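Inside the fold
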There are 2 protein chains.
Amino acid sequence: MGQDQPVSGAEAVIASLAECGVTACFANPGTSEMHLVGALDREPRIRSVLCLFEGVATGAADGFARMEGSPALTLLHLGPGYLNGGANIHNARRAHTPMINLIGDHAVSHRSLDAPLASDIAGLAGPNSRWMKSADRVQDAGRLAAEAYVASFGPPPGPVSLIMPADTAWSRGSSVFRPSHRPRPAQTPDGAIEDAARRIRNGARAAILVNGSALKEEGLRACARLQAAGVRVITDTFVPRQARGAGRFAPERLPYFAEAAIKSLEGLDLLLLAGTRAPVAFFAYPDTPGRLIPEGVSAASLGGPETDSAATVARLAEALGAPPPVAPPASGAPEFDASKLNPHSVGALLARRIPEGTVVCDDGVTASLPVFMAMESAAQHDWLALTGGAIGMGLPLAVGASVARPASKVVCLSGDGAGMYTNQALWTMAREGLDVISIVFVNNAYRILNIEWARTGAGEAGQTAHDMLSLGAPEIDWPQMAKGMGVPGVSVETTEQFDTALAHALEEPGPHLIAVRIP
Amino acid sequence: MGQDQPVSGAEAVIASLAECGVTACFANPGTSEMHLVGALDREPRIRSVLCLFEGVATGAADGFARMEGSPALTLLHLGPGYLNGGANIHNARRAHTPMINLIGDHAVSHRSLDAPLASDIAGLAGPNSRWMKSADRVQDAGRLAAEAYVASFGPPPGPVSLIMPADTAWSRGSSVFRPSHRPRPAQTPDGAIEDAARRIRNGARAAILVNGSALKEEGLRACARLQAAGVRVITDTFVPRQARGAGRFAPERLPYFAEAAIKSLEGLDLLLLAGTRAPVAFFAYPDTPGRLIPEGVSAASLGGPETDSAATVARLAEALGAPPPVAPPASGAPEFDASKLNPHSVGALLARRIPEGTVVCDDGVTASLPVFMAMESAAQHDWLALTGGAIGMGLPLAVGASVARPASKVVCLSGDGAGMYTNQALWTMAREGLDVISIVFVNNAYRILNIEWARTGAGEAGQTAHDMLSLGAPEIDWPQMAKGMGVPGVSVETTEQFDTALAHALEEPGPHLIAVRIP
């Protein structure tokens, strides 16, 4: 739907996105985006948040949309700005997160001059964009913004790129648009669900691998019914968002390492897939299969990430005549050894303290799984995992989740190696006063690589190899670095110290950092 | 030249590059690069330097090659690793820096599985690569590494990408190669030089815009001869490397802003171009031309970046019968107001203190030009500028320049906004004990954008616009952040404090940071 009053291209884009319902922009602008900043300045419906590196902006947009269900906007400065934000756009693509990347470009007339900042933006942004257009004519600007919004929902949802030449932004002659519709996820055909139900009724030993909406509150209730009907429910190893905590059904989680994943699926006749695809190994290793479904197990898709997996599991539960959901028994607070500060004890202490509605952003790498397991009995919370394997997502994701959920506490779990990639996120937490507790696991190493080194058979490690995997020498003083960016921080070495720091951070509003020194 | 002993693909690549003469690798490896790390571990001819973010690795490779004249290697982790390093690869492309980006990929058999870290690496890396191949067969690995090395020299030189699947790296059956030749820059045809000389002899009011090798020691002597023969010598605004300081010819520098650049070229009949292309505005602005050569000025190319501009200016000087070079008169230390700490006084104090052979890495944005001008009379030094406009290059560039010149002092000039992009470089400076003095100009703003805001006519700035251009609230405490990464730092507010800090930093080996608080 077009409106009549002609406005500048920048105003048309920003106002159209506001009409669509966009409420947050994570920005790192440059000269070519000044008119877009001006339009944001005059648009009260969109909260503009400055990030000091584009990877923070894109990771934050991912976190925002995972909680909100609709896209945030990023504002990026030409090809290099896109590149800086690219790794977290990759992660968002893997999370099927709607995201609108607004990439400022030179004026159309300036492009052919090959100025220093010119590059092939469409070439760079294409591979990780579900949709990409350039608003080369001012009259198209508002319409393309609305189109970008719609396209970000897919299905499946994902990052889209709208390239915005500077002269389109500053010229007048565009209009504000509102999108005609907001796409909904696809529905799995009845036949596929009935076929699966029939095979299970006929005695197939079955499991269902789920991801997507099936892992939210409502979907999990249907998952619990499936489990009660004899179908093992397993999640992908890394999921965009999962509702967790006391009273909620906790599916199995597919192991990370290929051999363990394959073993966990052995003995099945049938592996159903809902909201995901056939599982594959994260990396290839010599003499290890890449496909994780064992020989003899038949796989059947009930729809990939483009579908509403919550509806799929609910319909399958109905088709199986599964009993209504019962709340799982309370599992009680996990045991831990108070003399050992490690990811498990951190998880156990978090489980005791976090308030309901907490959002956990997980870039904890080797520390993640023990915390994840220990927090099963915590107050109800959401867990947001690293979906694309590009570390450096946690702190930015927490920024975005907190902007989306200002009334909630956000806990970010980060490895020290991962946290260094996008440490600038701490500054945005301080500026915006976000209630984020960043827990950095300091083991002075790319610990995962010490494990992978052996698994890939790379041989005996000498000094150079050791140095390439080690973050010691010098040790990073995380509290000092955080204070430099305006975030109070402490370093802890005992469970008591951690618990005290956690209690303080939960009580005092605003961002906090806790550096957890682990062996 | 192939050798006979079959080795693994990883060993073939690393040994072939060492045979070529590569001596430094700036690495941020992941699982798919473990065998490459293993090969580096066993290769004493290559110094491996760990960077905690890929943008540091690529910026360092740029700085290394600008000083060394031959490429360094980077080690990047799949598509996201390339993206993280991409902005400084863009800058290197604009500097015509040879650089070999070795991008680990999934095993060939694993690619089709679309694992979480999979992406279209060739699509992402293509736009900023002068050459790109994927070593999909182990027998090709060594040969392709040598080919990548050769390709990085162009002409013109630039970044190249060698994609390295994990199974190529770990499989045996490759050989070590040495390149057949190292390409040399092109030579400008005699006719073009003679034609230019004739026009100048016939009375054309001429200037020559130079970049590339003409700005090194020898080339500058020829530039001085041209100037003595009545040809104005002007450099591009941003140059990869320029020899400067007392006793060296100091060409004019083309102004940054379009209207000033055009004005500076008015009144000419002829603008010659050597080692560069016709100048264009950095950005487009409403109602401002993009091409900087005024109406009525005739432009004539004596060869672009693919040519040896030092040879070109020398041949033109000969053709003009220009007198032999005379050393320029000593200009004396610049005057400055000791009561005002600002970029000019910082430059003047640097000019008094830096030792001969210092390398200046400039990402100082609005602070750069006053320092540049004030340092004309300093001891002889090299100046490395930001060529591609993607801020966040300075600190990484300094890492690489220092690795290439361990006996020299390196001074990095950085804006506070620019420095935040790649602050992780400080950690590598600490780890490697690099003699780098990082001078961060703290004005708590993207100052350049405050200027550009007005120039682009973006209107009246409200609170949101102000916030998007401001780095205050909270102020970044640079010394604290630097200390967190192992670099001692101080904040200074007077010229005396700066001078004391500078003297100390020059005296004490290893990295230092000086935060210069300016209005």
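Located above this text is the structure these notes cover.
Our subject in this report is the structure included herewith. (Residues numbered from 1 in each chain as written. Chains lettered and ligands numbered in written order. Predicted model: local features only at pLDDT ≥ 70, side-chain atom pairs only at ≥ 80, totals over all residues. Heavy atoms only, no water.)

Let us now look at the overall build of chain A. Assigned secondary structure in chain A consists of 21 helices and 20 strands. Here chain A has a C-alpha radius of gyration of 24 Å; the compact-globule value for 519 residues is 24 Å, and the two agree. When the backbone C-alpha atoms are referred to their principal axes, chain A occupies close to 65 × 60 × 45 Å. A buried classification covers 65% of the 519 residues belonging to chain A. The long-range share in chain A, meaning contacts at least 24 apart out of those at least 6 apart in sequence, stands at 82%. With an accessible surface of roughly 16900 Å², chain A has 51% of that area assigned to carbon and sulfur atoms. (Helix = DSSP H or I, 4+ residues; strand = E, 2+ residues; numbered from the N terminus. Rg over C-alpha atoms; globule rule 2.2 N^0.38 Å. Buried < 20%, exposed > 50% of the residue type's maximum accessible area, 1.4 Å probe, protein only. Contact = heavy atoms within 4.5 Å. Areas by Shrake-Rupley, 256 points an atom, 1.4 Å probe, with all protein chains shown as cover.)

Let us look at the interface of chain A and chain B. Taken together, the contact between chain A and chain B spans 97 residues of the former and 97 residues of the latter. Interface area for chain A against chain B, summed over the two sides, is near 7900 Å², with a carbon-plus-sulfur share of 65%. Between the two partners, chain A and chain B, sit two salt bridges. Linking Arg94 of chain A and Asp114 of chain B is a salt bridge whose minimum nitrogen-to-oxygen distance equals 2.8 Å. Scanning the region where chain A abuts chain B turns up 45 residue pairs in polar contact (both at pLDDT 80 or more). With nine residues, the single largest contributor to the side of chain A that touches chain B is helix H4 (residues 78–95) of chain A. For the side of chain A that touches chain B, the per-class residue count stands at 49 nonpolar, 33 polar and 15 charged. (Buried area = accessible area lost by both parts, 1.4 Å probe. Salt bridge = Lys/Arg side-chain N within 4 Å of Asp/Glu carboxyl O. Polar contact = N/O pair within 3.5 Å; in protein donor to acceptor, adjacent residues only side chain to side chain. Nonpolar A, V, L, I, M, F, W, Y, C, P; charged D, E, K, R; others polar.)

The description of an aromatic ring pair rests on the distance of the ring centres and on the angle between the ring planes. A complete count under the given rule lists 19 aromatic pairs over all chains for this structure. Taken together, a centroid distance of 5.5 Å and an interplanar angle of 90° make the contact between Phe53 of chain A and Phe53 of chain B edge-to-face. Linking Phe53 of chain A in the loop between strand S3 (47–50) and helix H3 (54–68) with Phe53 of chain B in the loop between strand S3 (47–50) and helix H3 (54–68), this pair reaches from one chain into another. Comparing Phe53 of chain A with Phe53 of chain B, the two get one shared label, buried. Aromatic side chains Phe26 of chain B and Phe64 of chain B sit 6.2 Å apart centroid to centroid with 65° between the ring planes, which places their arrangement in the edge-to-face category. Of this pair, Phe26 of chain B sits in strand S2 (residues 24–27) while Phe64 of chain B sits in helix H3; the two residues are 38 residues apart in sequence, bridging distant segments of the chain. Take Phe26 of chain B: its relative accessible area is 0%, and that puts it in the buried class. Here the aromatic residues Phe238, Tyr256, Phe257, Phe282 and Phe283 of chain A are joined through ring pairs into a cluster of three or more. We note Arg455 of chain A situated over the ring of Tyr285 of chain A; from NZ or CZ to the ring centre the distance is 4.1 Å. Here Arg244 of chain B stacks its cationic end above the ring of Phe372 of chain B, 3.5 Å away from the centre of that ring. (Phe/Tyr/Trp six-rings, centres within 6.5 Å; stacked < 30°, edge-to-face > 60°. Lys NZ or Arg CZ within 6 Å of the ring centre and 35° of its normal.)

What follows is about the side chain of Asn423 of chain A. Along the chain, Asn423 of chain A falls in the loop between helix H16 (416–421) and helix H17 (425–432). If we ignore the near neighbours within four places in the chain, the residues touching Asn423 of chain A are Leu395, Met481 and Met485 of chain A together with Asn423 and Gln424 of chain B.

Attention now moves to H3 of chain B. Residue and element names in this part refer to chain B. Helix length check: H3, at 15 residues, gives a terminal C-alpha distance of 21 Å against a target of 21 Å (1.5 Å per residue), a fit within 8%. Taking burial as the measure, the 15 residues of H3 include 14 buried ones, the bulk of the element. Looking at the residues trailing H3, positive phi occurs at Gly69, about 85°. (Expected span 1.5 Å × (residues − 1).)

Here the focus is helix H17 (residues 425–432) of chain B. Residue and element names in this part refer to chain B. For H17, the tally of buried residues reaches seven of eight residues, placing the bulk of the element in the interior. All buried positions along H17 are accounted for by Ala425, Leu426, Trp427, Thr428, Met429, Ala430 and Arg431. Once H17 finishes, Gly433 follows within two positions and takes phi at roughly 60°, a positive value.

This part takes up the relation of the copies chain A and chain B. With an axial shift of 0.0 Å and an RMSD of 0.0 Å, the rotation relating chain A to chain B amounts to 180°. The two molecules are tied by a two-fold rotation axis, judged by turn and shift. Measuring from the rotation axis to each C-alpha of chain A, the shortest distance belongs to Met481 of chain A, at 2.1 Å. Of the residues that chain A buries at the interface, 100% are likewise interface residues in chain B, meaning the two copies contact each other through the same surface. (Least-squares fit on C-alpha atoms with pLDDT ≥ 70 in both.)

Residues and elements named next belong to chain A. All told, the structure shown has nine cavities of 30 Å³ or more when counted by the stated rule. Roughly 110 Å³ of volume is contained in the largest cavity. Residue lining of the largest cavity: 15 residues in total, with Val365, Gly415, Asp416, Ala445 and Arg447 positioned closest to the centre. For the lining of the largest cavity, the secondary-structure elements that each account for two or more residues are H16 and helix H18 (447–455). When the residues that make up the lining of the largest cavity are grouped by side-chain class, the tally is eight nonpolar, five polar and two charged. (1 Å grid on protein atoms, 1.4 Å probe; cavity = no way out; pocket = protein on both sides within 12 Å on 5 of 7 lines; lining within 4 Å. Points joined across faces, edges and corners; volume = space filled by probe spheres on them.)

Now for the pattern of salt bridges. As enumerated under the stated definition, the model contains 61 salt bridges over all chains in all. When the shortest N-O distance is used, the salt bridge between Arg232 of chain A and Glu252 of chain A registers 2.8 Å. Taken as a pair, Arg232 of chain A in strand S10 (residues 232–235) and Glu252 of chain A in strand S12 (residues 252–253) lie far apart in primary sequence, 20 residues in all. Its salt-bridge partner being Arg221 of chain B, residue Glu218 of chain B comes within 2.9 Å of it at the nearest N-O pair. Of the two residues, Glu218 of chain B and Arg221 of chain B are both situated in helix H10 (residues 217–228); the distance of three residues between them amounts to about one turn of the helix. Judged by its relative accessible area of 37%, Arg221 of chain B falls in the partly exposed class. Through salt bridges with shared partners, one network takes in Lys133, Arg137, Asp140, Arg143 and Glu147 of chain A.

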